[in-house]
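Given next are the chains, with one letter for each unit.
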Amino acid sequence: MNAMDDHSTTVVPFCGGALERAAAERLYDYAQNETARRALGGQRERYRQRLGEEFAALARWRLEPGVLLELAWVVRDLRNRGVVFGLGYGAQCGSLLLHLLGLHGVDPLEHDLPFVGFGQELRARRLHLRVSSRAEQAELAAGLRRFGRIPASGEIDQRALYIVVGREPAAAASAEMVRLRAQLDDRGGRATEIDPCAYVGGEADQTTLRALAAGATEGLFLVDEPQLREALKAAQPETLAAVAQLIAVCRDGAPRGLATHYLERRQQRSRAATEAPHPLLTEILESTHGLWLFTEQVVAAVARLTEGTWGDAVLACDGLREERYSREEGEWSQAVAAAIARVQALPSSRGLYLVRLLRQALAQTVERGAILPEVLEAYRQAYFKTRYPAIFYAARSNLLLTQLAPQGGVRYGDERPQARACAQRQALIGLCRRLRQQGVTLLPPDVNRSEWGFSVIDRRTVLFGLGAIAAIDRTLARRIVRARRNGGGYRSLMDLIARAYGGEVDRRWIEPLIFAGALDGVARSRSALLAELEQIAAVRPRSGWRATSGSAHAASGPPKVRLDVGPFALDPHWDAAADVARLPGGEAPDAVARPGWIFQRELDVLGCVPSCDYFPDAAAEGPVRLRAVT
């Protein structure tokens, strides 16, 4: 279930070059400026106090501020180049300083994350960065090696940080949704970036939470699993914290029966005593219904029972964690038990009992700082699915589109066996059908409107992408779009060939556009466009055109093919304007009035990306009109 876990990581030592004495002051000034920009009033004071605590930790562990500062510069440069970074990884999300530097996207103060994981990571001189793809993983590693200033001898400076570069595939979908939302809100050439995780804080969108509680989690990162879906329906969470608790109890590796026990406690079905083992722990366990779910609860319990600082409690918990499988109390267990008994005026046996309880809790809990980035990623996608369904499905379609390749079954008329089976193509077909079932309108492709990928017209309208049509790869789609932007919309088939194709006539690149309806906007029927294509392909090179594979078809005429797939059948030479009135059920008037209606009926036939499965070699016995199969 934990899609963020990826063992294919790269560890890169990073020394940096800004190690001069002024680096600490520059890092401090940068953090203070970011604090003044983001926080006001009492919140600003909380930011400054937290930063003071973290800067003291940097000095205590003798970490060079310049290394963090230059690492932030490298990440910012790669992000500006289009590299998609994840929200964060693990307990280092508890660091406000790393958040202000842009090394993770979770504000620890807004989500009440204590200063715990930052020390654990940096004491080991290790930081984690996550990107959305393997290509970006390689690019980030290359950038770190380039600016890491590792000596040619290979000797690693003791001041270096070890950057663990991994993958977070869910970030690509979320970033694409944010991009499409910015384009949708574009006014006067200036787009506004809308990211729900940028302002969620402790208050989540109630409409999104109600959708999650209703089990509408299909296609969502992390929560699209039967057990968690049923838990969401049973618990009816009203806050993001409740969603995080449900993910914690349903995660892989959670103690057996923990989810059932949690739901019973939450729904007050169990009358068993839920009192805390000590009065000071009542407040800590109240929010989780008397159960130990997060490591931060154990740290808070140790700090409260011993009246120590968070730093001392973190060290104590690290020691207790090492002894959690030992039957006898070790050095840390005895020291913590003695401190609890002394501070709380308890018998030594009671102090040992509380320590054993805390050791057991450490063995079954998970760090909330590690769960929260995943929760926010799932919430972000759920927000777009609920508020902007067109954006959600268009983003997922575009991600599938990037995985399509000529070897994956998208080449028009490809006869190779591997072209007959393409998992990404079938997933794209299913996604388009699901989109229509959710009430989202899918408009047909249009050479005068479509981009390479799927684009969004409004909250519930998606425009089909040129790249999902057979044989139209990213390069060819960009040529079509670039020529349209430079010279305006295409007025005819010959205009398209002359401007987008450079006068080169290759039926493999043009026929799919006609069959998919991308040229319906030129006010000519598809049969007329196909006839015109035959005439253009038959013209000799002396007329200024280069006839390639189309010239081989000039003598024999257009190939006779028949489409009969799914609940509808379609003749490629079908004239929509002439034959739409002959559709059964008297639907012709409405069909003409509603944009995209014809394409909705044809989608099952075209299968989004036609291949040889949709264009068999067997010739049809006469034309086949669009008809309903009863």
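Trainee: Explain the overall build of the chain to me, please; I cannot follow it from the model alone.
Mentor: Summing up its helical and strand segments, the chain has 26 helices and 11 strands in all. Across the 630 residues in the chain, those meeting the buried criterion constitute 53%. Sequence separation of at least 24 residues holds for 70% of the intrachain contacts in the chain that already meet a minimum separation of 6. Total accessible area on the chain stands at roughly 29000 Å², and carbon and sulfur atoms take up 49% of it.

Trainee: Would you mind showing me how to read the packing of aromatic side chains here?
Mentor: Aromatic ring pairs are defined here through the distance separating the ring centres and the angle between the ring planes. In the structure shown here, the tally under the stated rule is 8 aromatic pairs. Consider the rings of Tyr383 and Phe384, whose centres lie 5.8 Å apart with planes at 80 degrees: the pair is edge-to-face. On the basis of an interplanar angle of 50 degrees and a centroid distance of 6.5 Å, the ring pair of Tyr383 and Tyr388 is categorised as tilted. Each member of the pair Tyr383 and Tyr388 is classed as buried.

Trainee: For this particular structure, what's the right way to read the side chain of Glu329?
Mentor: Structurally, Glu329 can be placed in the loop between helix H14 (310-322) and helix H15 (331-344). Among the polar contacts listed, one links the side chain of Glu329 to the side chain of Arg356, at a separation of 2.6 Å. Beyond its immediate stretch of four places on either side in the chain, Glu329 contacts Gln334, Leu352, Arg356 and Arg359.

Trainee: Help me out: how do you make sense of unusual backbone geometry in this one?
Mentor: Excluding glycine, most residues fall at negative phi; most peptide bonds, likewise, are trans. Residues other than glycine seldom take positive phi values, yet His289 does so here, at roughly 60 degrees. In this fold, His289 is placed in the loop between helix H12 (282-286) and helix H13 (295-306). For His289, a relative accessible area of 25% translates into the label partly exposed. Unusually for a residue other than glycine, Glu307 sits at a positive phi of about 55 degrees.

Trainee: Would you mind showing me how to read the pattern of salt bridges here?
Mentor: Should the charged atoms of two oppositely charged side chains come close, the side chains can pair. Under the definition given, this model contains 18 salt bridges. Arg356 serves as the salt-bridge partner of Glu329, at 2.6 Å between the closest nitrogen and oxygen. On the criterion of sequence distance, the pair formed by Glu329 in the loop between H14 and H15 and Arg356 in helix H16 (residues 348-364) is long-range, its members being 27 residues apart. Beyond isolated ion pairs, a larger network of salt bridges with shared partners links Glu34, Arg37 and Arg38.

Trainee: Help me understand the packing of helix H1 (residues 22-38) against helix H2 (residues 41-60), please; the structure alone is not making it clear to me.
Mentor: Packed helices, taken two at a time, are described by their axes: the angle between them and the distance between them. The geometry of H1 relative to H2 is characterised by a closest axis approach of 10 Å and an angle of 160 degrees between their N-to-C directions. The orientation of H1 with respect to H2, classified from their angle, is roughly antiparallel. Where H1 crosses over H2, the handedness of that crossing is right-handed. On the side of H1, the interface is formed by Leu27, Tyr28, Ala31, Gln32, Thr35 and Ala36, while H2 contributes Arg44, Tyr47, Arg48, Leu51, Phe55 and Leu58. Taken together, the residues that form the contact of H1 with H2 break down as 8 nonpolar, 2 polar and 2 charged.

Trainee: Explain the pairing of strand S2 (residues 126-131) here, please?
Mentor: A regular strand places its side chains so that they alternate between the two faces of the sheet. In terms of residue burial, S2 counts as a mostly covered element, since 5 of its 6 residues are buried. Relative to strand S3 (residues 161-167), S2 runs parallel, the two sharing 6 bridges. Residue His128 lies in a different strand from S3, and its bridge partner there is Val164.

Trainee: I would appreciate a short explanation of the nonpolar core in the present structure.
Mentor: Across soluble globular proteins, you tend to see nonpolar side chains buried next to one another. Of all hydrophobic cores here, the largest spans 98 residues; its most connected members are Phe454, Ile480, Leu493, Leu496, Tyr501 and Leu513. Among the elements that line this core, the one with the most residues is helix H17 (residues 368-387), at 9 residues. Sequence-distant contacts of Tyr501, that is, excluding residues within four places in its chain, are made with Ile472, Leu476, Arg479, Ile480, Leu496, Trp509, Ile510 and Leu513. Counting 40 residues, the second largest nonpolar core, distinct from the first, contains Phe14, Leu51, Leu63 and Ala141.

Cut-offs and rules
Residues numbered from 1 in each chain as written. Predicted model: local features only at pLDDT ≥ 70, side-chain atom pairs only at ≥ 80, totals over all residues. Heavy atoms only, no water. Helix = DSSP H or I, 4+ residues; strand = E, 2+ residues; numbered from the N terminus. Buried < 20%, exposed > 50% of the residue type's maximum accessible area, 1.4 Å probe, protein only. Contact = heavy atoms within 4.5 Å. Areas by Shrake-Rupley, 256 points an atom, 1.4 Å probe, with all protein chains shown as cover. Phe/Tyr/Trp six-rings, centres within 6.5 Å; stacked < 30°, edge-to-face > 60°. Polar contact = N/O pair within 3.5 Å; in protein donor to acceptor, adjacent residues only side chain to side chain. Salt bridge = Lys/Arg side-chain N within 4 Å of Asp/Glu carboxyl O. Axes fitted to C-alpha atoms, helices over the stretch in contact; angles between N-to-C directions. Parallel < 35°, antiparallel > 145°, perpendicular 65-115°, else oblique. Left-handed = near helix turned anticlockwise from the far one by under 90°. Nonpolar A, V, L, I, M, F, W, Y, C, P; charged D, E, K, R; others polar. Pairing = 2+ DSSP bridges. Core = buried A, V, L, I, M, F, W, Y, C linked by side-chain atoms within 4.5 Å.

That is the geometry; function is a separate question.
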